[in-house]
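A structural walkthrough
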Amino acid sequence: QVQLVESGGGLVQPGGSLRLSCAASGISLDNYAIGYWRQVPGKEREGVSCISVSDGTTAYADSVKGRFSFSKDNAKNTVYLQMNNLKPSDTGVYYCAAGFFCSDMRHWGKGTLVTVSS
């Protein structure tokens, strides 16, 4: 069974950093697009970052460019979202997702809560 196990969420002050992890089982991330989406309170779900399987390109939402870094460790079948210079607007539940395409995710993790507040 496909599982995406997330960790790394928590409470951090503005300007701080967090690193989210998503460990996949049942699929190889060599063959799937993998990314993060977040649900921000009072706003629609937003795609944060995604690595495509077709060309390996990493895409970022404009709101996180220059602050977040998304990487994949094929040996561990795990991805990491390094989040720096966090802002209160980054607060939300972050969901790891995998699928055939970044625009068509089929498997979702349970989410991890990120709270940026002083």
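Residues numbered from 1 in each chain as written. Predicted model: local features only at pLDDT ≥ 70, side-chain atom pairs only at ≥ 80, totals over all residues. Heavy atoms only, no water.

Below, the discussion takes up the environment of F101. Note that F101 resides in strand β9 (residues 92-101). Residue F101 is classed as exposed on the basis of its relative accessible area, which comes to 53%. (Helix = DSSP H or I, 4+ residues; strand = E, 2+ residues; numbered from the N terminus. Buried < 20%, exposed > 50% of the residue type's maximum accessible area, 1.4 Å probe, protein only.)

Only one face of strand β1 (residues 3-7) is covered, namely the face carrying L4 and E6; the face carrying Q3, V5 and S7 is uncovered. In this sheet, strand β3 (residues 18-25) lies alongside β1 in antiparallel orientation, the contact comprising five bridges. Directly across from Q3, in β3, lies its bridge partner S25. (Pairing = 2+ DSSP bridges.)

On to the pairing of strand β4 (residues 33-39), then. When you tally the buried positions in β4, you get six out of seven residues, the bulk of the element. For β4 and β9, the ladder comprises seven bridges, and the chain directions are antiparallel. When the bridges of β9 are listed, R38 appears paired with Y94. Two elements, β4 and strand β5 (residues 46-51), share five bridges in a ladder whose sense is antiparallel. Residue pairing for β5: I34 is matched across the bridge by I51. The turn joining β4 and β5, which pair antiparallel and follow one another in sequence, is formed by six residues; a positive phi near 80 degrees is taken by G42.

The analysis is restricted to geometry; functional conclusions fall outside its scope.
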